[in-house]
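Each chain is listed here by its residues.
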2 protein chains.
Amino acid sequence: MAVHDAIDVLSGKWKITIITCLLFGPKRYSEIMRDVKGISGKVLSRELREMETNLLISRTVIDTQPITVSYALTEYGQSVQPIITVLSAWGQTHREQISKK
Amino acid sequence: MAVHDAIDVLSGKWKITIITCLLFGPKRYSEIMRDVKGISGKVLSRELREMETNLLISRTVIDTQPITVSYALTEYGQSVQPIITVLSAWGQTHREQISKK
DNA sequence: CTGTATCCTGATTGATACTG
DNA sequence: CAGTATCAATCAGGATACAG
């Protein structure tokens, strides 16, 4: 089922957050680290590599001293924005629903 | 962030599949067990209880001999259908994207 | 039929220290 | 700055047996 392709690619505790963070433009490793609160370096680099493999983001080494690396959403990566929007809207409803109890 | 409320409620390996399965109408425990291939009894009952707590499904005991239990999506539970649709559409695109490599 | 209890295993995560 | 290596801890999930 196609749903699971999406879930596999987007699941994990951080991918959606990382994508959301990159929606505002390219960021460097340390910037993402700062914005995505609570993630460890190891996990961040693994998530980034997976997302690069899945063509969601691009990785560009900028040859300064010391080097910096820029991560950006690909056009394809930007296509998950609707998903985030829908999830966000639904999550909002969920909060209301639960608070009725 | 609201996105995470949605993710928390819908995450886990099976919830989306269970919801999809219930989209076609109420089902009994053993029917869900049969339709959702690969799930264990323990995990199924835990997922169902969580979803009941989150008001996604309702649980009705039918007092036959032996007893049966009917699970149905609440109106609220049905509201996740758009999410499934979006995920499914995106998952389809994803498959195409990956196969280009 | 509809579950619960127990035990087990592999995957995920995180803290810390370290490298180029 | 941008990672990787290592180790320890946690946890989700599964098999099986059993109970109401």
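Structure's up top.
These figures come from a predicted structure and were not determined experimentally.

Rules of the game
Residues numbered from 1 in each chain as written. Chains lettered and ligands numbered in written order. Predicted model: local features only at pLDDT ≥ 70, side-chain atom pairs only at ≥ 80, totals over all residues. Heavy atoms only, no water. Near = heavy atom within 4 Å. Polar contact = N/O pair within 3.5 Å; in protein donor to acceptor, adjacent residues only side chain to side chain. Helix = DSSP H or I, 4+ residues; strand = E, 2+ residues; numbered from the N terminus. Expected span 1.5 Å × (residues − 1). Buried < 20%, exposed > 50% of the residue type's maximum accessible area, 1.4 Å probe, protein only. Arc of directions from axis to C-beta. Contact = heavy atoms within 4.5 Å. Buried area = accessible area lost by both parts, 1.4 Å probe. Salt bridge = Lys/Arg side-chain N within 4 Å of Asp/Glu carboxyl O. Axes fitted to C-alpha atoms, helices over the stretch in contact; angles between N-to-C directions. Parallel < 35°, antiparallel > 145°, perpendicular 65-115°, else oblique. Left-handed = near helix turned anticlockwise from the far one by under 90°. Nonpolar A, V, L, I, M, F, W, Y, C, P; charged D, E, K, R; others polar.

A word on the protein's contact with DNA strand D
Of all residues adjacent to DNA strand D, which total 18 residues, the nearest are A:S30, A:R59, A:Y71, B:K42 and B:R46. Sugar plus phosphate: this is where 66% of the atoms of DNA strand D within 4 Å of the protein reside. Side-chain polar atom of A:S45 to a phosphate oxygen of DNA strand D: 3.2 Å apart, as the coordinates give it. Residue A:V69 places a main-chain N or O atom 3.0 Å away from a phosphate oxygen belonging to DNA strand D.

Here's the deal with helix α4 (residues 41–53) of chain B
All names here are of chain B. Taking 1.5 Å per residue as the helical rise, α4 with its 13 residues ought to reach 18 Å, and the 18 Å between its terminal C-alpha atoms agrees with that figure. Turning to α4, its buried residues number three or more, namely V43, L44, E47, L48 and M51. Down the axis of α4, the buried set is contained in an arc of 130°. They therefore lie on one face. Against α2 (15–22), α3 (29–35), β2 (57–62) and β3 (68–73) lie the buried residues of α4. Backbone geometry just after α4 places L55 at a positive phi near 65°.

Some remarks on the interface of chain B and chain A
Contacts between the two partners involve 33 residues from chain B, matched on the other side by 33 residues from chain A. For the pair chain B and chain A, the two sides together bury roughly 3000 Å², of which 73% comes from carbon and sulfur. Considering only the surface of chain B that becomes buried against chain A, B:Y76, B:L87 and B:W90 emerge as the three largest contributors, covering 24% of it. Joining chain B to chain A, the criterion identifies two salt bridges. Its salt-bridge partner being A:D5, residue B:R95 comes within 3.3 Å of it at the nearest N-O pair. The interface formed by chain B and chain A holds eight residue pairs in polar contact (both at pLDDT 80 or more) in total. Looking at the side of chain B that touches chain A, the elements with two or more residues in it are α1 (2–10), α2 and α6 (81–99) of chain B. In terms of residues, the side of chain B that touches chain A owes the most to one element, α6(B), which gives 13 residues.

Quick word on the protein's contact with DNA strand C
In the vicinity of DNA strand C there are 17 residues, among which A:K42, A:R46, B:S30, B:R59 and B:Y71 approach most closely. A share of 65% is what sugar and phosphate atoms reach among the atoms of DNA strand C within 4 Å of the protein. Between B:R49 and DNA strand C, the recorded distance is 3.2 Å, taken from a side-chain N or O atom to a phosphate oxygen. B:R59 places a side-chain nitrogen or oxygen 2.4 Å from a phosphate oxygen of DNA strand C. Elements supplying a minimum of two residues to the surface near DNA strand C: α4 (41–53) of chain A together with α3, α4 and β3 of chain B.

A word on the packing of helix α6 (residues 81–99) of chain A against α6(B)
Across the interface, α6(A) lies against α6(B) with an axial gap of 10 Å and an inter-helix angle of 165°. On the basis of their axis angle, the class for α6(A) and α6(B) is roughly antiparallel. At the point where α6(A) passes α6(B), the crossing takes the left-handed sense. Along the contact surface, α6(A) presents A:I83, A:V86, A:L87 and A:W90, while α6(B) presents B:I83, B:V86, B:L87 and B:W90. Class assignment of the residues belonging to the contact of α6(A) with α6(B) gives a composition of eight nonpolar, no polar and no charged.

All quantities given are derived from atomic positions and should not be read as evidence of function.
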